[in-house]
Amino acid sequence: MVVILGLEGSANKIGIGIVEDGKVLSNPRRTYITPPGEGFQPRETAKHHRENVLTVLREALQEANITPQKIDAIAYTKGPGMGAPLASMAVVARTIAKLWNKPILGVNHCIGHIEMGRLITGAENPTVLYVSGGNTQIIAYAEKKYRIFGETIDIAIGNCLDRFARVIKLSNDPSPGYNIEQAAKLGKKFLPLPYVVKGMDVSFSGILSYLEDRAEKLISTGEYTKEDLCYSLQETIFAMLIETTERAMAHCGSNEVLIVGGVGCNKRLQDMMEVMCNERGGKLFGTD
């Protein structure tokens, strides 16, 4: 049986997982959290990863109850991602591969998300919605390659959510997107927002600019609450993703949707996607 130890540190979260023939034995993580209203910078994020990586590595080995001798290979996120954090983790991966005399494999971040999702959920050949802080893509496997059928033409959906959370000073603990999701549950009044779908592609920068210009006044006058704005933003941008994903399903003749990436953990997005899948006689595969 093959045992792989993988290191991920492409953004503000560091994680080390150990997998044996598709079974996850351990997956400890640490997240770099900045104060409300601030994002995370590459240099400080890389410093956080360097300070925590050995502790997380020990936890991974202990949780899996395994020794380095039983590990067959080392994998690490090669990119895309933030340069400095990626480099920090790559150095650690190369070092332990050399120390333990193991082969090393650089993994594409996007494909890693998709294959991990397929492994965990059991999806066979799904249309994939990949939504995270740095990526928004609709992907399907066709003619022996993963092919992009639609994507953002500017910023990623996670970046849009993170930056809006800074505008209204939401906490970054445990993540801005999670806190927007919780606030949205309390929203009662919908604010019409720009809905930007261009063929198979979507755009979020104009929606963000629209809210950046108006949020403070809307909240201070009492016309809308922070929760209302979170609710309105989620409903609008998620509807855009549902529309383009359904179009990709029709094009590919697919009856499965797999949502991966950090934003894919949002329960409201999963619920909206499930309604669409059910109406088409399809099935949704989600991760948490």
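Everything discussed here concerns the structure shown above.
One structure accompanies this document, and this report is about it. (Residues numbered from 1 in each chain as written. Predicted model: local features only at pLDDT ≥ 70, side-chain atom pairs only at ≥ 80, totals over all residues. Heavy atoms only, no water.)

**Concerning the side chain of Asn172**
Thought 1: Its location among the elements puts Asn172 in the loop between α4 (157–167) and α5 (176–184).
Thought 2: Given a relative accessible area of 8%, Asn172 falls into the buried group.
Thought 3: In this structure Asn172 touches Ile33, Thr34, Pro35, Pro36, Glu38 and Asn179, once residues within four positions along its chain are discounted. (Helix = DSSP H or I, 4+ residues; strand = E, 2+ residues; numbered from the N terminus. Buried < 20%, exposed > 50% of the residue type's maximum accessible area, 1.4 Å probe, protein only. Contact = heavy atoms within 4.5 Å.)

**Here we look at the nonpolar core**
Thought 1: In terms of nonpolar packing, the biggest core is built from 43 residues, with Ile157, Phe164, Phe204, Leu233, Ile237, Leu269 and Met273 touching the most fellow members.
Thought 2: Put simply, the parts of the chain that give this core at least two residues each are β7 (127–131), α4, α5, α6 (205–220), α7 (226–252), β12 (256–260) and α8 (267–279).
Thought 3: Looking at which element gives the most residues to this core, the answer is α7, with 10 residues.
Thought 4: Residues in contact with Leu233, not counting those within four places in the same chain, are Cys160, Leu161, Phe164, Leu193, Ile207 and Leu211.
Thought 5: Leu5, Leu7, Ile66 and Ala93 belong to the second largest nonpolar core, which has 22 residues in total. (Core = buried A, V, L, I, M, F, W, Y, C linked by side-chain atoms within 4.5 Å.)

**As for the packing of aromatic side chains**
Thought 1: Going through the model one piece at a time under the given rule, you end up with 2 aromatic pairs.
Thought 2: Residues Tyr141 and Tyr146 carry aromatic rings whose centres are separated by 5.1 Å and whose planes lie at 75° to one another, so their mutual orientation is edge-to-face.
Thought 3: Tyr141 gets classed as partly exposed once you look at its relative accessible area, which sits at 41%.
Thought 4: Judged by its relative accessible area of 26%, Tyr146 falls in the partly exposed class.
Thought 5: For the ring pair Phe190 and Tyr231, a centre distance of 6.1 Å and an interplane angle of 80° mean the geometry is edge-to-face. Here Phe190, found in the loop between α5 and β10 (197–198), pairs with Tyr231, found in helix α7; they are 41 residues apart in sequence, far enough to count as distant.
Thought 6: Residue Phe190 is classed as partly exposed on the basis of its relative accessible area of 38%.
Thought 7: Using a relative accessible area of 25% as the deciding quantity, one classes Tyr231 as partly exposed. (Phe/Tyr/Trp six-rings, centres within 6.5 Å; stacked < 30°, edge-to-face > 60°.)

**Observations concerning the pairing of strand β2 (residues 13–20)**
Thought 1: As defined by bridge partners, strand β1 (residues 3–8) adjoins β2 across 6 bridges and the pair is classed as antiparallel. Its bridge partner being in β2, Ile4 is matched across the sheet by Val19.
Thought 2: Bridge count between β2 and strand β4 (residues 29–31): 3 bridges; the pairing is antiparallel. Counted as the bridge partner of Lys13 is Thr31 from β4.
Thought 3: Relative to strand β3 (residues 23–26), β2 is paired through 3 bridges, and the arrangement is antiparallel. (Pairing = 2+ DSSP bridges.)

**Notes on unusual backbone geometry**
Thought 1: Here the bond from Gly79 into Pro80 is cis, since omega is 0°, no more than 30 degrees from zero.
Thought 2: Within the secondary structure, Pro80 sits in the loop between β5 (73–79) and α2 (83–100).
Thought 3: A cis amide bond links Asp173 to the next residue, Pro174, at an omega of 5°.
Thought 4: The residue Pro174 is located in the loop between α4 and α5 in this model.
Thought 5: Although it is not a glycine, Glu143 sits at a positive phi angle of roughly 55°.

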